Amino acid sequence: MSGSTSSDEEVQATPIVIVAGPDLDTDFTSKSHLLVDGKEASIAFLREYFRNGKDAVRADRTVRNKQGYLSLSGVYLKQFLRKHRGDAGAATVIHYFNDATAAVYDRAVATASILLISTTLMPTWSFVESLADRAKRINPTITVIAGGVSVYKIAKARKMLDAGLFEATPKLREFWKFLMKPYQSKIDFAIASVAGEQTLLTLMDYLEQGSDAWKSMQNVIWYDPSVGDFHMNELVEEKSSDCEVDWSQEKCPEGSIYPVQAGQGCPYKCGFCDFVALEPVVYRCNTTAVMNTVRSIPLYNGHRRVWFTNDNLLVTRSVAVNFLTELIRQDLHCRWYSFLRLDAVADAELADLIARSGCERANFGLESGDQTILDNMEKHCRVEDIPRGINFLLERNIIVRVSVIVGYPGETKETIMKTVKLVNSIQDTGVFEVKVFPLGIFPMAPISTRQQRQRWGLQGIGLVWKHDTMTSTEAAFYADKFDDWIRPTIGSVYCAENCFFFDVADPAARRTVIILRNMLRRRSRGNREDGDPRTDEQLWTALEEVLTSN
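All figures in this text were calculated on a predicted structure; none of them were measured in a lab.

(A) Focus on helix α20 (residues 536–548). If you check α20, its first and last C-alpha atoms are 18 Å apart, about what 13 residues at 1.5 Å a residue would give, namely 18 Å. Listing the buried residues of α20 in full gives Leu-539, Ala-542, Leu-543, Val-546 and Leu-547. Axial view of α20: buried residues confined to an arc of 125°, hence all on one face. Exposed positions of α20 whose direction lies more than 90 degrees from the buried face are Glu-537, Glu-545 and Thr-548. At its buried positions, α20 is contacted by α1 (43–51) and α19 (507–524).

(B) Representation of the sheet that holds strand β14 (residues 334–340) in the model. The strand order β10-β13-β14-β15-β16-β17-β20 describes an open sheet built from seven strands, whose pairing is parallel. Two strands in the sheet have a free side with no partner beyond their single neighbour: β10 (258–260) and β20 (491–492). In terms of strand pairing, strand β16 (residues 399–406) meets strand β17 (residues 432–438) through seven bridges, oriented parallel. From the neighbouring strand, Val-402 faces β17, where its bridge partner is Val-434. Packed on one face of the sheet, helix α10 (residues 287–295) meets β10, β13 (304–308) and β14 and runs near 140° to β13.

(C) Expanded view of helix α3 (residues 72–85). With 14 residues, α3 extends 20 Å from end C-alpha to end C-alpha; this agrees with the ideal 20 Å at 1.5 Å per step. Counting buried residues along α3, 10 of its 14 residues qualify, which places the element largely inside the surrounding structure. Buried within α3 we find Leu-72, Gly-74, Val-75, Tyr-76, Leu-77, Lys-78, Gln-79, Phe-80, Leu-81 and Arg-85. Where α3 is buried, its residues meet β1 (16–19), β4 (91–94), β5 (114–118), α8 (197–209) and β10. Positive backbone phi, approximately 65°, marks Gly-86, located one or two places after α3.

(D) Inspection of unusual backbone geometry at higher detail. Even without being glycine, Asn-301 reaches a positive phi, approximately 55°. Here Asn-301 lies in the loop between α10 and β13. In this structure Asn-301 comes out as exposed when scored by relative accessible area, which is 63%. If you check the backbone angles, Asn-397 has positive phi at about 60° while not being a glycine. Looking at Asn-397, the relative accessible area reads 45%, which means it is partly exposed.

What counts as what
Chains are numbered independently. Their residues run from 1 in the order of the written sequence. Per-residue local features of the predicted model are confined to residues with pLDDT of at least 70, and side-chain atom pairs are confined, for both listing and counting, to 80 or more; whole-chain, interface and lining totals are unaffected and use all residues. Only heavy atoms go into the side-chain values, all of them from the structure, while hydrogens and water stay out. By the criteria applied, helices consist of DSSP H or I runs no shorter than four residues and strands consist of E runs no shorter than two, each listed in order from the N terminus. Expected span, for any helix, means 1.5 Å times one less than how many residues it has. The buried label goes to any residue with under 20% of its type's maximum accessible area, the exposed label to any with over 50%, and the partly exposed label to all in between, with areas taken from a 1.4 Å probe on protein chains only. The directions from the helix axis to the C-beta atoms are what the arc is built from. Any two residues having at least one pair of non-hydrogen atoms within 4.5 Å are treated as being in contact. Strands pair, by our definition, only if DSSP identifies at least two bridges between them. Lines fitted to C-alpha atoms define the axes, with helix axes restricted to the stretch in contact, and inter-axis angles between N-to-C directions lie between 0 and 180 degrees.

This is the structure we're talking about:
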């Protein structure tokens, strides 16, 4: 069995269970978003809300249970293990965990011998521990192995903590419980590698043979209950793989968005980003493998829905031209979204290629509209180039979503207002969305080094910090105010909206939905300066009409 699961789905017993997605029951509500009876008003939520008699609780539960999230790591591991271990590698994949999949998870782990937890998109280490604890209570003999990006990050942070390179705040220890010692864990092993499938195979072989040779394996972390702590072996880099997946073998919900990896890593070393340490070398997957993976995705309404998972899909102009041209040449009827850099949209020719290849949404890290802050971040881009790239895509009916970081060293209210001015200068057409984050100081990010801390007078870690020009409290305040300073036709980024731009094909309808919701959000915060004479009730009626007719 694979694909998204429901509580009444029959579970075929397999020796391995893989749970690989986020906790979709996590409350992601944001103060800067429109809320309906305390529930975040995503497009999916609003559709269910209007269809179900405006019952917010029912709409919220329906959306959570209908999430079409698919895990690339889960399916890749499943197919990798089956290829290398035959029937002994047969696995059940739980793509995400919530009320709808809990019963399936429970039945699967009851008869399994190994539980693999892919932590890449897990929200906290406590959630990882809760999955392990639940499995052990059902099946005390099951072996729990965690792996993925979060394990690697926390393992590296733990070594830095032990070396005295930073002090973990209570908030950070709560988020990364792995940093605490001692503590009682139900996880038996963890594999600290971005690409640890070969290490996993060897570990499973040793466990099957009854050997304890895993105690000296590189990248293997093992829990010793006698001391209540993890033993960490040497961490080394492992070679990335093409991560080719045959989606036609999997049973997935109709209309799902399929993750496809076309590469890993980013050549830029932005100061705030800890991906630098995860993938120090850019790896491009074999183009044939990528196209084969896309081709294996089933058509839905005449198209294949794709999320290219790269940190930076089009790293150079030549990569962009070659990749997009091949995607067009193969005529795969692909509609996709991914993370890009604005450098990738340097001219109208590239923008045309991006549009012709089927891009529906482009995500960019805008970060700041002040050149000094961009230089401090080592972003390697010019403020004057930002609007041009965004406008190129908006003119081609591509949704543009940008992130802004508030509080980087050098930040003041004046530099923040320059970012506001830049965002407001983007042409008022299409769907343009902005997600604002207060700066987070991550242990593996360049800004967290002793040299950078001394340079900026930086103290603290995580979301609690201060430096020479700003504190985390001030950054959080300005991040919250940012949405009130930008024009009402610019949207906010909500969770659970990846299907929206696929399901609503009409660009005018997309834009209308975003604007109406945004005006209602701003009015709910006391900001009624939107220039629209309609009452709140009339805006709600208009929003219901456009969502129920598209």
